[in-house]
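Architecture and fold: a report
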Amino acid sequence: MIEPLSFGNIGDSGINEIWQNEEYLKFRSAHEDRIVLGQDCLARQFDLFDFPGSVRRRNGNCDRELSRLLKDYPYPETCRSCYKAYGI
């Protein structure tokens with residue numbers, strides 16, 4: 001069973017206080033870093049910005065490169081066993 005994760009209670013704290021909570025900032029940052037790595041890898045694999053409206057394959061190393069990079073940016077501990085983290 002996956003334990004629910006909470007960074008605050010809107011009944012006890014303001015939304016801004018919860019949003020700026022250091023633990024919640026770290027949690028969001030871990031996910032954002034992984035998203036940016038994926039976007040950067042895709043942009044390098046395909047010339048997405050050179051030819052608007054067309055996609056030209058540049059190299060096929062994205063999967064291996066992204067797997068290597070994501071090891072340096074793991075999911076937060078609480079997310080590592082969550083099926084949502086792996087798109088299942």
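Each remark here, short or long, concerns the structure printed above.
Read on for a plain summary of the structure. For clarity, every value in this text was computed on a predicted model and none was experimentally measured.

**Details of the overall build of the chain**
A count of helical and extended segments in the chain gives three helices and zero strands. The secondary structure elements of the chain, listed N-terminal to C-terminal, are α-α-α. Here the chain holds 88 residues, and 25% of them are scored as buried. Contacts in the chain between residues far apart in sequence, at least 24 positions, make up 38% of those at least 6 positions apart. Of the accessible surface of the chain, which amounts to about 7,000 Å², a share of 54% is contributed by carbon and sulfur atoms.

**Quick look at the environment of tryptophan 19**
With respect to the secondary-structure elements, tryptophan 19 resides in helix H1 (residues 15-19). For tryptophan 19, a relative accessible area of 41% puts it in the partly exposed group. Taking C-alpha positions, tryptophan 19 is 9.0 Å from glycine 8, a pair spaced 11 residues apart along the chain. Apart from residues no more than four positions distant in its own chain, tryptophan 19 is found in contact with Tyr24, Leu25 and Arg28.

**Quick word on the packing of aromatic side chains**
This structure, assessed with the given rule, holds four aromatic pairs. Aromatic pair tryptophan 19 and tyrosine 24: ring centres 5.5 Å apart, planes at 85°, arrangement edge-to-face. Here the aromatic cluster, defined as three or more aromatic residues joined through ring pairs, consists of Phe7, Trp19, Tyr24 and Phe27. It is arginine 28 that lies over the ring of tyrosine 24; its NZ or CZ is 4.7 Å from the centre. Its end group placed over the ring of tyrosine 75, arginine 34 keeps NZ or CZ at 3.7 Å from the ring centre.

**Structural notes on the pattern of salt bridges**
Counting across every chain of the model gives two salt bridges. The closest approach of N and O atoms between glutamate 22 and lysine 26, which form a salt bridge, is 3.6 Å. Taken together, the positions of glutamate 22 and lysine 26, both in helix H2 (residues 22-45) and four residues apart, correspond to about one turn of that helix. The exposed category is assigned to glutamate 22, whose relative accessible area is 53%. Two residues, lysine 26 and glutamate 23, come together in a salt bridge whose shortest N-O distance is 3.7 Å. Of this pair, lysine 26 and glutamate 23 both sit in helix H2, three residues apart, which is roughly one turn of that helix. What makes glutamate 23 partly exposed here is its relative accessible area of 47%. Here the residues in one salt-bridge network are Glu22, Glu23 and Lys26, joined through shared partners.

So, how was this worked out
Residues numbered from 1 in each chain as written. Predicted model: local features only at pLDDT ≥ 70, side-chain atom pairs only at ≥ 80, totals over all residues. Heavy atoms only, no water. Helix = DSSP H or I, 4+ residues; strand = E, 2+ residues; numbered from the N terminus. Buried < 20%, exposed > 50% of the residue type's maximum accessible area, 1.4 Å probe, protein only. Contact = heavy atoms within 4.5 Å. Areas by Shrake-Rupley, 256 points an atom, 1.4 Å probe, with all protein chains shown as cover. Phe/Tyr/Trp six-rings, centres within 6.5 Å; stacked < 30°, edge-to-face > 60°. Lys NZ or Arg CZ within 6 Å of the ring centre and 35° of its normal. Salt bridge = Lys/Arg side-chain N within 4 Å of Asp/Glu carboxyl O.

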